[in-house]
There are 2 protein chains.
Amino acid sequence: MTGKRVHIQEVATRDGFQNEAQFVETDAKIALIDDLSACGYAKIEVTSFTSPKAIPALRDAEAVMHGIARRKGIVYTVLVPNIRGAERALSCGVDEVNLVMSVSESHNRTNLRMSREQSFAQLRDVIGVVKQTSVAINVSLSTAMGCPMEGDIAQEAVLGWMQRFADLGVHGVTLCDTTGMAFPSQVGALCAAARKRFPALELTLHFHNTRGMALANTLAALDAGIDRFDASLGGLGGCPYAPGATGNVCTEELVHMLELDGYDTGVDLSALLSASALLPGLIGHDVPSQLLKAGRRLDLHAMPGAASEGRPEQRAFDIN
Amino acid sequence: MTGKRVHIQEVATRDGFQNEAQFVETDAKIALIDDLSACGYAKIEVTSFTSPKAIPALRDAEAVMHGIARRKGIVYTVLVPNIRGAERALSCGVDEVNLVMSVSESHNRTNLRMSREQSFAQLRDVIGVVKQTSVAINVSLSTAMGCPMEGDIAQEAVLGWMQRFADLGVHGVTLCDTTGMAFPSQVGALCAAARKRFPALELTLHFHNTRGMALANTLAALDAGIDRFDASLGGLGGCPYAPGATGNVCTEELVHMLELDGYDTGVDLSALLSASALLPGLIGHDVPSQLLKAGRRLDLHAMPGAASEGRPEQRAFDIN
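Conventions we followed
Sequence positions are assigned chain by chain, starting from 1 and proceeding in written order. Here the convention is simple: chains get letters from A, ligands get numbers from 1, in the order in which they are written. Only residues with pLDDT of at least 70 get local features here, since the model is predicted, and only at 80 or more are side-chain atom pairs given and counted; chain-wide, interface and lining totals rely on the full set of residues. Side-chain figures throughout are based on the complete set of non-hydrogen atoms in the structure, without hydrogens or water. Lines fitted to C-alpha atoms define the axes, with helix axes restricted to the stretch in contact, and inter-axis angles between N-to-C directions lie between 0 and 180 degrees. Comment: elements are numbered from the N terminus, with helices defined as DSSP H or I runs of at least four residues and strands as E runs of at least two. Reported orientations rely on four angle classes, namely roughly parallel under 35 degrees, roughly antiparallel over 145, roughly perpendicular from 65 to 115, and oblique for the rest. Handedness of a helix crossing follows the sense of rotation of the near helix relative to the far helix, less than a right angle counterclockwise being left-handed and clockwise being right-handed. Any two residues whose heavy atoms approach within 4.5 Å at even a single point are treated as in contact. Ten residues, namely Ala, Val, Leu, Ile, Met, Phe, Trp, Tyr, Cys and Pro, are considered nonpolar, four, namely Asp, Glu, Lys and Arg, are considered charged, and the remaining ones, Gly among them, are considered polar. In the sections that follow, a salt bridge refers to a side-chain nitrogen of Lys or Arg positioned within 4 Å of a carboxyl oxygen of Asp or Glu. For every residue, the accessible area (1.4 Å probe, protein chains only) is compared with the maximum for its type, and the residue is labelled buried under 20%, exposed over 50%, or partly exposed between those bounds. The least-squares superposition of copies is restricted to C-alpha atoms, and to residues with a pLDDT of at least 70 in both copies. Note on pairing: DSSP must find at least two bridges between two strands before they are called paired. Pairs were defined over the aromatic rings of Phe, Tyr and Trp, the Trp ring being its six-membered one, requiring ring centres within 6.5 Å. Orientation was assigned from the angle between planes: stacked under 30 degrees, edge-to-face over 60, tilted for the rest. For a Lys NZ or an Arg CZ to count as sitting over a ring, it must be within 6 Å of the ring centre and within 35 degrees of the ring normal. UniProt positions are given in the numbering used here, feature names are shortened, and annotations may be inferred rather than shown by experiment. We call a set of buried Ala, Val, Leu, Ile, Met, Phe, Trp, Tyr and Cys residues a nonpolar core when their side-chain atoms join them within 4.5 Å. By buried area we mean how much accessible surface two parts lose on assembly, using a 1.4 Å probe and totalling the loss over both. Think of a polar contact as two N or O atoms within 3.5 Å of one another; within protein, one of them needs to be a possible hydrogen donor and the other a possible acceptor, and neighboring residues in sequence only count if both atoms come from side chains.

Colleague: Outline the packing of helix H2 (residues 26-37) of chain B against helix H11 (residues 269-283) of chain B, supporting the account with residue identities and numerical values.
Modeller: Residue and element names in this part refer to chain B. In contact at an axis separation of 11 Å, H2 and H11 are set at 170 degrees when each is read in the N-to-C sense. Classified by the angle their axes make, H2 and H11 are roughly antiparallel. Here H2 runs over H11; the crossing is left-handed. Across the interface between the two elements, Ala28, Leu32, Asp35 and Leu36 of H2 pack against Ala275, Leu278, Leu279 and Leu282 of H11. The class makeup of the residues in the contact of H2 with H11 is seven nonpolar, no polar and one charged.

Colleague: So what about the pattern of salt bridges? Which residues, and what values?
Modeller: Residues and elements named next belong to chain B. Within the structure shown, the criterion is met by 32 salt bridges over all chains. With a closest N to O distance of 2.8 Å, glutamate 62 and arginine 88 form a salt bridge. Of the two residues, glutamate 62 sits in helix H3 (residues 61-67) while arginine 88 sits in helix H4 (residues 83-91), which places them 26 residues apart along the sequence. Judged by its relative accessible area of 25%, glutamate 62 is partly exposed. Take arginine 88: its relative accessible area is 10%, and that puts it in the buried class.

Colleague: Talk me through the relation of the copies chain B and chain A; I want residue IDs and the actual numbers.
Modeller: Each of the two chain copies goes to the other by way of a rotation about an axis and a shift along it. Once chain B has been moved 0.0 Å along the axis and rotated by 180 degrees, it coincides with chain A to within an RMSD of 0.0 Å. The transformation just described matches what one would write down for a two-fold rotation axis. Residue alanine 216 of chain B of chain B places its C-alpha closer to the rotation axis than any other residue of that unit, at 2.0 Å. Of the residues that chain B buries at the interface, 100% are likewise interface residues in chain A, meaning the two copies contact each other through the same surface.

Colleague: For helix H5 (residues 105-112) of chain B, give the residues involved together with the corresponding values.
Modeller: Residues and elements named next belong to chain B. Among the eight residues in H5, six count as buried, and that is most of the element. Check the buried side of H5 and you find it contacts strand S4 (96-102), helix H6 (116-130) and strand S5 (136-142). Directly after H5, the chain includes arginine 113, whose backbone phi takes a positive value near 60 degrees.

Colleague: Before we move on, can you summarise the pairing of strand S1 (residues 7-10) of chain B with the specific residues and values?
Modeller: All names here are of chain B. Neither face of S1 is open: one carries His7 and Gln9, the other Ile8 and Glu10, and all of them are buried. Bridge analysis of S1 against strand S2 (residues 43-48) gives two bridges, and the strand direction is parallel. Bridge pairing links glutamine 9 to lysine 43 in S2.

Colleague: Please provide a residue-by-residue account of the side chain of aspartate 15 of chain B, values included.
Modeller: Secondary-structure assignment places aspartate 15 of chain B in helix H1 (residues 12-16). Residue aspartate 15 of chain B is classed as buried on the basis of its relative accessible area, which comes to 1%.

Colleague: So what's going on with the sheet that holds strand S7 (residues 202-206) of chain A? Which residues, and what values?
Modeller: Residue and element names in this part refer to chain A. Spatially, S1-S2-S3-S4-S5-S6-S7-S8 is the arrangement adopted by the eight strands of the closed barrel, whose pairing is parallel. Here the strands of the sheet are splayed against their neighbours by 25 degrees on average, with no regard to which way each runs. Looking at chain direction, strand S2 (residues 43-48) and strand S3 (residues 75-79) are connected through five bridges and run parallel. Paired with serine 48 across the strands is leucine 79, a residue of S3. Against the sheet, helix H7 (residues 155-167) touches strand S4 (96-102), strand S5 (136-142), strand S6 (172-176) and S7, its axis set at about 160 degrees to S5. On top of the sheet, helix H10 (residues 251-260) reaches strand S1 (7-10) and strand S8 (228-231); it is set at about 170 degrees to S1, its chief contact.

Colleague: Outline the packing of aromatic side chains, supporting the account with residue identities and numerical values.
Modeller: Residues and elements named next belong to chain A. Counted under the stated rule, the structure contains six aromatic pairs over all chains. Among the aromatic residues, ring-to-ring pairing joins Phe120, Trp161 and Phe165 into one connected group. In this structure, arginine 164 packs its charged tip against the face of phenylalanine 120, placed 4.1 Å from the ring centre.

Colleague: Any chance you could break down the UniProt feature "domain: Pyruvate carboxyltransferase" (unreviewed entry) in chain A for me, citing the residues and the numbers?
Modeller: According to UniProt, the positions carrying the feature "domain: Pyruvate carboxyltransferase" (unreviewed entry) are residues 6-273 of chain A. Overall, residues 6-273 of chain A shows 40% helix and 16% strand. The separation of its end C-alpha atoms is 19 Å.

Colleague: Pulling in residues and values, what's your account of unusual backbone geometry?
Modeller: Despite not being glycine, arginine 113 of chain A has its phi angle at roughly 60 degrees, a positive value. Along the chain, arginine 113 of chain A turns up in the loop between helix H5 (105-112) and helix H6 (116-130).

Colleague: Tell me about the nonpolar core, and please be specific about residues and values.
Modeller: Among the nonpolar cores identified, the biggest contains 208 residues, and Met162 and Leu175 of chain A together with Met162 and Leu175 of chain B are the most heavily contacted of them. Setting aside chain neighbours within four positions, we find leucine 175 of chain A in contact with Leu141, Ala144, Met145, Val158, Met162, Leu190, Ala194, Leu203, Thr204, Leu205 and His206 of chain A.

Colleague: Got a sec to walk through the environment of valine 249 of chain B? Specific residues and values, please.
Modeller: Here valine 249 of chain B shows up in the loop between strand S8 (228-231) and helix H10 (251-260). Ignoring sequence-local partners within four residues, the contact set of valine 249 of chain B consists of Phe207, His208, Asn209, Ala214, Leu215, Asp230, Ala231, Ser232 and Leu254 of chain B.

Colleague: Mind laying out the interface of chain B and chain A, listing which residues take part and the relevant values?
Modeller: Between chain B and chain A, the contact holds 78 residues from the first and 78 residues from the second. For the pair chain B and chain A, the two sides together bury roughly 6600 Å², of which 56% comes from carbon and sulfur. The tally of links from chain B across to chain A stands at two salt bridges. Salt-bridge contacts for aspartate 152 of chain A lead to arginine 297 of chain B; the nearest nitrogen and oxygen are separated by 2.6 Å. If you look at where chain B meets chain A, you find 18 residue pairs in polar contact (both at pLDDT 80 or more). Secondary structure elements with two or more residues in the side of chain B that touches chain A: H1, H5, S5, helix H8 (184-197), helix H9 (214-223), H10 and helix H12 (290-294) of chain B. No other element matches H5 of chain B, which puts six residues into the side of chain B that touches chain A.

Colleague: An account of the sheet that holds strand S6 (residues 172-176) of chain B is needed here, citing residue identities and associated values.
Modeller: Residue and element names in this part refer to chain B. With parallel pairing, eight strands are arranged side by side around a closed barrel as S1-S2-S3-S4-S5-S6-S7-S8. With direction set aside, neighbouring strand axes in the sheet form an average angle of 25 degrees. In the sheet, S5 pairs with S6 via four bridges, with the strands oriented parallel. For leucine 141, the partnering residue across the bridge sits in S6 and is leucine 175.

Colleague: Describe the side chain of glutamate 45 of chain B, naming the residues involved and giving the relevant values.
Modeller: Mapping glutamate 45 of chain B onto the fold places it in strand S2. Beyond its immediate sequence surroundings of up to four residues, glutamate 45 of chain B is in contact with Glu10, Val11, Thr13, Arg14, Thr77, Val78, Leu79 and Asn98 of chain B.

Colleague: Describe the environment of glutamine 290 of chain B, and please don't skip the residues or the numbers.
Modeller: With respect to the helices and strands, the residue glutamine 290 of chain B is situated in helix H12. Glutamine 290 of chain B sits in the buried class, given a relative accessible area of 11%. In this structure, the C-alpha to C-alpha distance between glutamine 290 of chain B and glutamate 253 of chain B, residues 37 residues apart in sequence, is 7.6 Å. Apart from residues no more than four positions distant in its own chain, glutamine 290 of chain B is found in contact with Asn209, Thr210, Arg211, Gly212, Gly244, Ala245 and Thr246 of chain A together with Glu253 of chain B. Within the local environment of glutamine 290 of chain B, its side chain forms a polar contact with the backbone nitrogen of threonine 246 of chain A, the two atoms lying 2.5 Å apart.

This is the structure in structure tokens:
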């Protein structure tokens, strides 16, 4: 796999921040996104043009979109739930809109307060509006690898929803493991089937680490030919069904593994870790990122006994 | 891979407890190990016959070994550093002794306070003593996938140390990713080489989740034909080089993934989760296990709006 390109898409300022109790100031959001723009992402999901009442954490969507310094080569995308959101997003000159609905009826009703058919009709209208512009359209399918209320989701159901959106001419689909229910063999089978049936669609995998399998699932997706992944800086992003559990796959951990395995992500891991280190100050709590605590695998330690300030204490037989 | 047998070896009461500040009472250790014996493990590393001064957390090794109710079919192994430890272990009737040294000189000197050649000479003597009995001998090679002080470890160096121990007639070798430096392609290559060169050795992989890659590395090892893994209940076990970072791969997360992928671990995941839930009470703090927080992937949730006591709050657009 040496040198094979993998596209990394950052979602922390949307999928991450929308779950945070503490409001991140607009200037801080803009500064963080500008830092991220320097990291080498393929795409950044900047914010969400939802109702400020529904998601107050992202009530400053216009100000953020207007405030950031956009870099050539990065796709700046935003989440859009409806026509009103699409109009707001288009007025800010976004590169892409990201639409969302769930593959499972229960989750769609719980999360979006309507049936899947109502969601589809609404998104079809949004697609009609956006297609009159040059702005790209991605659809994120939630619960594509399991629903926390319904359980297993049939692969054919996922492919069926992909088909309906492909027929409307969207350019990309994201398969979301919304609550971390995916497992490797399932991921491999679904990804292979989706690539075979929709070779022209830009296909993204969106994993959560709720049950620790996000990087293992990534390996399975890579093996099935997937080359595009959502990830969240610091591992931000929660799962309301598992309080205290880890959220989205952590960007720096994903990039760290991919680069070690010889993939070309284009992402500057040092810059990423510096940006991630700012998060606790912005959101008021620690982040799930293990890599931020442990450092990269070749961030070496001195032998104890030499100048040991700040070095870990060693005890005999403490390690295996 | 449906139905392929994978052997799970529990190390929490040795590799986990030795890192804990709070002493776990002997009766509690025995009760936990008896619970674990009912879970269906292939092997349990019960304790360590090291100096009580070096590792006070395991100063009750004899009492624990004598106190547990041993089940047929489970190998009860213990860590042994030297002849004195071996004699203590043999007097307790262990099934196996587990010897340990590092592949890297720096780590061996730091962790074991002697050179690798000194360690080898000492372990050779231990092997000589144990071989006069019917007790099995395993050697755990620390830092086999990277040393926190020296960095990369050449594959040939690992195979060389395996060869020296194979020549002494040990029955098994464990390759330990002591500080979580392994990555999937490295694991795959090392495991394939080790299996090819030592087809008769019982080969175990011992991963840490320090940088989030433990389950991804497990997939890579499985692909290379490995069928035996160490793991630690709750993810107990620290890394002194990464304070606050996750420790050993979490047994329940490993079993959860393997069973979903169709492997036969023989382990009762429900019983495992019940045992893991006891750990915080024993050690005085939360454990890294994500699965303990999130539940199994098909532990479903009710739709909100019905009787919702204890159910997660739902907000519109909060999940992807």
